[in-house]
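# Coordinates in review
Given next are the chains, with one letter for each unit.
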Amino acid sequence: MLVESAVAGAAIWLLTTLGTVSATDWLRFGAIMVAITIHLVMVRRAEESRRNESAGPHIDLTSVWTFAAAIALPGGLAVLVTLWMRILIQPIARRQPYRFVFSSSSILGSTMLAWAVVHLSGFSLAATGNIPTDLGLVLVLALAAALNWFAQVATIAIALKIVTPHTRLVEFLGSKTDNMLEVTTLGAGAMLGMLITSHWVGPLLLVAPVILVNALLNLAAERRAHLERLLSEQEQLQQQLAEDAHTDYRTGLLNTTGLAEYANRLAERSRHDGQPVTVLAIDLDFFKRINDTWGHPAGNAVLAEVGRILREKLRPGDVAGRDGGEEFLVVLADTGLAQGILIAERIRQAIAEAAVSTTDKHRNTVTLRGRALPPTDEDGPDVRSISASIGVAVVPDNGDSLALAQHSADAALYVAKENGRNQVRVAGLDIGSAATRLPLPLPSPRTDQQAVAAPDDTQVSRTA
């Protein structure tokens with residue numbers, strides 16, 4: 001409000017003190033007004049596109065007209081030129097009224113400041129033949145251009161800083177390229193202002209080159225935007241290729257390559273932090289029978305369901321992948337034995353309670369069910385066919401490397417297979433079924449190997 005009030009007061013004062021205007025000034029004024037109108041009408045669509053692509057404060061070529069008017073016209077006429085330019089810009093800018101008014105005040109104020117520097121300096125705009133005097137005029141015009149640029153940049157940047165206080169002020173100053181463009185435009189405006197003092201038709205001669213420059217800027221902006229889109233698409237494609245190279249497409253989990261990279265990275269981080277890592281080796285029971293009985297599409301559907309269960313039951317920091325065929329590997333970050341057993345049991349139970357709708361060899365719809373689900377009258381032979389055996393091992397208890405712990409987990413998995421499947425076994429420990437319950441308690445002093453009750457009240461015990 002302070003800026004707008006000060007600019008409005010100065011503009012009204014210049015208009016009221018305009019006095020008698022010479023015919024030459026009216027010709028110069030009319031030529032600039034016609035040039036501005038032609039320029040902004042011809043470049044409207046291109047300028048709209050450039051403004052839409054602009055990330056920060058937008059810098060256009062209109063300063064060539066307003067700065068020339070500040071040099072060659074009386075103050076009141078320079079005000080009218082600026083106001084007319086803003087009227088023509090409004091449909092292109094399409095800014096909120098309060099923003100448009102403030103921007104207009106900033107531009108008008110900088111134009112009047114440049115006019116004051118030029119006309120109050122006392123230097124003649126016509127060549128005098130006196131080298132110091134003529135060079136002094138160059139310095140005055142350079143000072144006027146610098147103040148014109150600084151006044152606009154400072155007012156807009158400070159206003160935006162007030163609106164978004166957490167943003168750095170440098171972000172509102174525009175790019176280096178945009179500011180170089182503005183300096184070049186002001187230089188062209190200075191030359192046009194000097195040309196107008198010699199002949200009033202100067203603006204009409206310059207309007208065509210300005211339009212062509214505007215078109216070139218729009219073409220460059222379109223090419224830059226096209227290149228940015230291509231780079232963005234290429235980056236997304238590279239990310240997708242990297243994900244595909246590490247992902248098993250049937251389950252959505254990591255493949256063997258992804259497991260080798262991410263699991264070892266997780267184990268190394270946990271080792272560095274002094275935290276344990278639990279490894280789960282998972283194998284689907286009688287999976288070949290599912291493929292032979294119902295067909296490979298049914299087997300693929302079961303694999304996809306197991307992948308979904310693992311993604312659902314695991315934490316964001318854990319690593320899970322398909323280790324080939326019907327085998328899966330899970331690496332639990334910062335997890336001791338007791339918690340690892342609980343997670344393994346949750347996974348085993350979820351798989352044993354799964355229900356997978358799929359098709360058989362004859363494309364008939366069939367729902368394969370987990371072995372923990374109660375039988376129904378609709379169950380045919382081998383419908384209740386889904387379960388998993390899981391082996392558990394811990395780094396560093398079962399080896400100081402992930403490879404050693406995985407080997408121990410595989411050994412425990414084979415024990416689970418040999419003892420009836422659909423169960424969890426620990427490297428060095430058993431979680432038996434109710435029929436083969438081992439009553440010996442888990443020995444202390446290990447606090448993370450407390451007795452853990454399985455869903456069927458099975459007790460954890462040490463194997464022979």
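Anything mentioned here points back to the structure above.
Scope of this entry: the structure provided in the associated data block.

The rules we used
- Numbering of residues starts from 1 in every chain and runs along the sequence as written.
- In keeping with the predicted nature of the model, local features appear solely for residues at pLDDT of at least 70, side-chain atom pairs appear and are counted solely at 80 or more, and the whole-chain, interface and lining totals rest on all residues.
- Note that the side-chain values use all heavy atoms of the structure and ignore hydrogens as well as water.
- Between N-to-C directions, angles span 0 to 180 degrees; the directions come from axes that are lines fitted to C-alpha atoms, helices contributing only their stretch in contact.
- Helix and strand assignments come from DSSP, with helices taken as H or I runs of at least 4 residues and strands as E runs of at least 2, each series counted from the N terminus.
- Angle categories are assigned with fixed cut-offs, so that under 35 degrees is roughly parallel, over 145 is roughly antiparallel, 65 to 115 is roughly perpendicular, and the rest are oblique.
- Contacts between residues were defined by any pair of non-hydrogen atoms, one from each residue, lying within 4.5 Å.
- Gly falls in the polar group here, along with every residue not listed as nonpolar (Ala, Val, Leu, Ile, Met, Phe, Trp, Tyr, Cys, Pro) or charged (Asp, Glu, Lys, Arg).
- Side-chain rings of Phe, Tyr and Trp (the six-membered ring for Trp) are treated as a pair once their centres are within 6.5 Å; stacked means planes under 30 degrees apart, edge-to-face means over 60, and tilted covers the remaining angles.
- Two limits define a charge over a ring: the Lys NZ or Arg CZ must be within 6 Å of the ring centre, and within 35 degrees of the ring normal.
- A carboxyl oxygen of Asp or Glu within 4 Å of a side-chain nitrogen of Lys or Arg is what we treat as a salt bridge.
- The rule is simple: take the accessible area with a 1.4 Å probe, protein chains only, and divide by the maximum for that residue type; under 20% is buried, over 50% is exposed, in between is partly exposed.
- By nonpolar core we mean a set of buried residues, namely Ala, Val, Leu, Ile, Met, Phe, Trp, Tyr and Cys, connected to one another through side-chain atoms within 4.5 Å.

## Some details on the packing of helix H2 (residues 23-42) against helix H5 (residues 75-93)
Two elements in contact, H2 and H5, have axes separated by 10 Å at closest approach and are oriented at 10°. Taken as axis vectors, H2 and H5 run roughly parallel relative to one another. The segment H2 lies against H5, with Asp25, Trp26, Phe29, Ile32, Met33, Ile36, Thr37 and Leu40 engaging Leu77, Leu80, Val81, Trp84, Met85, Leu88, Ile89 and Ile92. For the contact of H2 with H5, the per-class residue count stands at 14 nonpolar, 1 polar and 1 charged.

## Overview of the packing of aromatic side chains
The full count for this structure, using the stated rule, is 1 aromatic pair. Geometry around Phe286 places Arg289 over its ring, the cationic atom sitting 4.2 Å from the centre. The ring of Phe286 has Arg421 lying over it, and the distance from NZ or CZ to the ring centre is 4.2 Å.

## Thoughts on the pattern of salt bridges
Under the definition given, this model contains 14 salt bridges. With a closest N to O distance of 2.9 Å, Lys417 and Asp285 form a salt bridge. With a gap of 132 residues between them, Lys417 in helix H14 (residues 402-418) and Asp285 in the loop between strand S1 (277-284) and helix H11 (287-294) connect regions that are remote in the sequence. You'll find Lys417 and Asp285 in the same group, each marked buried.

## Side note on the nonpolar core
By size, the foremost hydrophobic cluster in this structure holds 37 residues, and its most contacted members are Leu280, Ile282, Leu284, Leu310 and Ile347. Those elements that provide at least two residues to this core are S1, H11, helix H12 (296-313), strand S3 (327-332), helix H13 (337-352), strand S5 (365-370), strand S7 (388-395) and strand S8 (424-426). With 7 residues, H13 is the single largest residue contributor to this core. With sequence-adjacent residues up to four places away left out, Leu284 is seen in contact with Val302, Leu303, Val306, Glu326, Phe328, Ile351, Ser387, Ala388 and Lys417. Among the nonpolar cores identified, the runner-up in size contains 30 residues, and Ala35, Leu73, Met85 and Phe100 belong to it.

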